[in-house]
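Here is what each chain is made of, one letter per residue.
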Amino acid sequence: MTDQTRGEAFRALHQKGNPFILANAWDIGSAKMLAGLGAQAIGTSSAAHAFTLGRPDMGHVTRDEALAHAQDLVAAVNVPVSGDFENGFGDDPDTCAQTVRLSYEAGLAGISIEDTALPTNTPYDRALAVERIEAAVAAARALPGDFVLVARADGVMNGQYDLDEAMTRIAGFEAVGADCLYVPMPGTLADQARICDATSLPVNALAAGPLAQVSRAQLAQAGVARISLGSALARVTHRVIHDASQAMFQQGDFSMLGTGLPGRTVDALLADAPKR
């Protein structure tokens, strides 16, 4: 996949009411497995990547580390890769713009930028949040190839503002040219539908909380264009490590180790696919 085609291919996946699954991976192996199992696009996950480095979520991975990690995933798969790049790795709009340019150079088809002043949960002032996205959009439009810029309003998930404020923020993001909008964990499926109804842009939904209990078909009916996993799949693997380890170390029970995938199945999924 070339610099000129990756963004176009990624953008084409974003269809309102026909959502694709952005499969968030955390290392080369998980990216290759997900692509081998049918993922149409891979996303990084800031939290899941931090876990692989032995760090907590939210602002504990540097931009250089995130870019290097993203490059590894881009090189490993033949589908578009999008970066979960937190707050753009800085407060000021120029930093967000530079993150866009560096992300494109790393081979990414797009990134998301949120409105939280990491490592705190405090949201940026609304005007600054919009200005940051405006700068990122300008940088994206100046690139030689297509690039999908996703603007996130994270305050509902973080307990910092209500859905009405999130709606006002994403309207501002749309007005300055964002390509896709994202309000993680807005509440109910009806809340998610309200977000989708308020814009003509593609909307990302996070398969977490109440929305992990609904189907792709239901999210499609709500108008969602993209379903991301965040760190949820990584946390499922951590659940297995946690439960198997507790059984081993506390009861001397190794039975969970007999439930793993056969090595030949994993080997087949990790085999290099031809690059497009």
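Here, every reference points to the structure presented above.
What comes next concerns the included structure.

Calculation criteria
Residues numbered from 1 in each chain as written. Predicted model: local features only at pLDDT ≥ 70, side-chain atom pairs only at ≥ 80, totals over all residues. Heavy atoms only, no water. Patch = residues over 30% accessible without salt bridge, like charges linked within 9 Å, V, L, I, M, F, W, Y side chains within 5 Å. Areas by Shrake-Rupley, 256 points an atom, 1.4 Å probe, with all protein chains shown as cover. Salt bridge = Lys/Arg side-chain N within 4 Å of Asp/Glu carboxyl O. Lys, Arg positive; Asp, Glu negative; His and termini not counted. Charge placed at Lys NZ, Arg CZ, Asp CG, Glu CD. Helix = DSSP H or I, 4+ residues; strand = E, 2+ residues; numbered from the N terminus. 1 Å grid on protein atoms, 1.4 Å probe; cavity = no way out; pocket = protein on both sides within 12 Å on 5 of 7 lines; lining within 4 Å. Points joined across faces, edges and corners; volume = space filled by probe spheres on them. Nonpolar A, V, L, I, M, F, W, Y, C, P; charged D, E, K, R; others polar. Pairing = 2+ DSSP bridges. Axes fitted to C-alpha atoms, helices over the stretch in contact; angles between N-to-C directions. Left-handed = near helix turned anticlockwise from the far one by under 90°. Contact = heavy atoms within 4.5 Å. Buried < 20%, exposed > 50% of the residue type's maximum accessible area, 1.4 Å probe, protein only. Arc of directions from axis to C-beta. Polar contact = N/O pair within 3.5 Å; in protein donor to acceptor, adjacent residues only side chain to side chain. Phe/Tyr/Trp six-rings, centres within 6.5 Å; stacked < 30°, edge-to-face > 60°. Lys NZ or Arg CZ within 6 Å of the ring centre and 35° of its normal.

## What to know about a negative patch on the surface
Taken together, the side chains of Asp 91, Asp 92, Asp 94, Glu 131 and Glu 134 define an acidic patch exposed on the protein surface. Here Glu 131 is to be found in helix α6 (residues 126–141).

## Considering the layout of surface pockets
Counted as a void, the largest pocket has a volume near 530 Å³. Arg 152, Met 157, Leu 206, Gly 230 and Ser 231 are, among the 33 residues lining the largest pocket, the residues nearest its centre. Of all the secondary-structure elements, those providing two or more residues to the lining of the largest pocket are β1 (20–24), α3 (46–52), β3 (81–84), β7 (203–206), β8 (226–228) and α10 (232–251). With three residues, β3 is the single largest residue contributor to the lining of the largest pocket. Reported here for the second largest pocket is a volume of approximately 300 Å³. Along its surface, the second largest pocket is lined by Trp 26, Asp 27, Ser 30, Leu 233, Val 236, Thr 237, Val 240, Ile 241, Thr 259, Gly 260 and Leu 261. When residues of the lining of the second largest pocket are assigned to their parent elements, the largest contribution, five residues, is made by α10. For the lining of the second largest pocket, a count of residues per class yields six nonpolar, four polar and one charged.

## Considering the sheet that holds strand β4 (residues 110–113)
Taking strand neighbours around the barrel as the criterion, the eight strands line up as β1-β2-β3-β4-β5-β6-β7-β8 in a closed arrangement whose pairing is parallel. Taking each pair of neighbouring strands and ignoring which way they run, the sheet shows an average axis angle of 25 degrees. As paired strands, strand β6 (residues 180–182) and β7 are joined by two bridges and run parallel to one another. The residue bridging Leu 181 from the neighbouring strand is Val 203, located in β7.

## Quick word on the packing of helix α2 (residues 28–36) against helix α4 (residues 63–76)
Axis separation between α2 and α4 bottoms out at 9 Å; the angle between their running directions is 35 degrees. Viewed along their axes, α2 and α4 form a crossing whose handedness is right-handed. Contacts between α2 and α4 pair Ile 28, Ala 31 and Lys 32 from the former with Asp 72, Leu 73 and Ala 76 from the latter. The class makeup of the residues in the contact of α2 with α4 is four nonpolar, no polar and two charged.

## Remarks on empty space enclosed by the protein
If you roll a probe as big as a water molecule over the atoms, it shows you where there is empty space left. Tallied over the entire structure, the rule returns two cavities of 30 Å³ or more. Counting only elements with at least two residues in the lining of the largest cavity, the list comes to α3 and α4. Its residues assigned to classes, the lining of the largest cavity comprises four nonpolar, five polar and two charged. Here the second largest cavity is characterised by a volume of approximately 30 Å³. Lining of the second largest cavity is provided by Ile 113, Glu 114, Asp 115, Ala 129, Arg 132, Ile 133, Arg 152 and Phe 173. At three residues, the largest contribution of residues to the lining of the second largest cavity is made by α6. When its residues are assigned to classes, the lining of the second largest cavity shows four nonpolar, no polar and four charged.

## A look at helix α8 (residues 189–197)
Burial in α8 covers these residues: Gln 192, Ala 193, Ile 195 and Cys 196. Viewed along the axis of α8, the buried residues span an arc of 155 degrees, placing them on a single side of the element. With respect to the buried face of α8, the exposed residues turned more than 90 degrees away are Ala 190 and Asp 197. In this fold, the buried residues of α8 make contact with α7 (163–175) and β7. Backbone nitrogen of Ala 190 and a side-chain oxygen of the N-cap are separated by 3.3 Å at the start of α8; the cap is Thr 188.

## Some words on the packing of aromatic side chains
Any pair of aromatic rings gets described here by the distance separating the centres and the angle formed by the planes. Following the criterion strictly, the structure yields three aromatic pairs and no others. Centroid distance Phe 85 to Phe 89: 5.4 Å. Interplanar angle 65 degrees. Geometry classified as edge-to-face. Assigned by exposure class, Phe 85 and Phe 89 land together as buried. Aromatic side chains Tyr 104 and Phe 147 sit 6.4 Å apart centroid to centroid with 65 degrees between the ring planes, which places their arrangement in the edge-to-face category. Residue Tyr 104 is found in helix α5 (residues 93–105), and its partner Phe 147 is found in the loop between α6 and β5 (148–152); the two are separated by 43 residues along the sequence. Comparing Tyr 104 with Phe 147 shows no difference in burial state: the two are buried. When the ring centre of Tyr 104 is taken as reference, the NZ or CZ atom of Arg 6 above it lies at 4.5 Å.

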